[in-house]
Amino acid sequence: MRLVRLRDAGRPRIAVTLDGAALEAQEGDTLLTALLAGGAGHLRMSEFGDGPRAGFCLMGACQDCWVAVEGMGRVRACTTLAQDGMAVRRG
Ligand code: FES
């Protein structure tokens, strides 16, 4: 899955890492938007064997976007705002 920014591309930049790799995000992004627009591709592998997952509902209901953030533990990427310096690990 890949998100492409169609508007608001001029917001201030912030830096996050995903599995140790640097990604550029924008202030106001949810973590899910930041990761997918930054090229993450997926957030986790399905425990039911049906492949990579990258969020589904985008509103905190489906549990499909869990990631681990250093200092915060497991969070839903779609309901967590990206912050400068966040270190994220895929679940
Ligand atoms: S995408 Fe459904 S809870 Fe985050």
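Rules used throughout
- Residues numbered from 1 in each chain as written.
- Predicted model: local features only at pLDDT ≥ 70, side-chain atom pairs only at ≥ 80, totals over all residues.
- Pairing = 2+ DSSP bridges.
- Helix = DSSP H or I, 4+ residues; strand = E, 2+ residues; numbered from the N terminus.
- Axes fitted to C-alpha atoms, helices over the stretch in contact; angles between N-to-C directions.
- Core = buried A, V, L, I, M, F, W, Y, C linked by C-beta atoms within 7 Å.
- Buried ≥ 20, exposed ≤ 12 C-beta atoms within 10 Å, placed from the backbone.

## Details of the sheet that holds strand β7 (residues 87-90)
Strand pairing in a sheet relies on backbone hydrogen bonds. The paired strands run either parallel or antiparallel.
For step 1, the next point in the chain: With mixed pairing, five strands are arranged side by side in an open sheet as β2-β1-β7-β5-β6. With one partner strand each, in any of the chains shown, β2 (21-26) and β6 (73-76) form the two edges of the open sheet. Within this sheet the neighbouring strands show an average axis-to-axis angle of 40°, counted without direction.
For step 2, the next point in the chain: Here strand β1 (residues 13-18) pairs with β7 via two bridges, running parallel. Note on β7: the bridge partner recorded for T17 is A87.

## Some remarks on the nonpolar core
For step 1, the next point in the chain: Core analysis: the biggest nonpolar cluster contains 18 residues, and V16, L31, L32, A34, L35, A77 and V88 have the highest contact counts within it.
For step 2, the next point in the chain: Elements that contribute at least two residues to this core include exactly β1, β2 and α1 (31-37).

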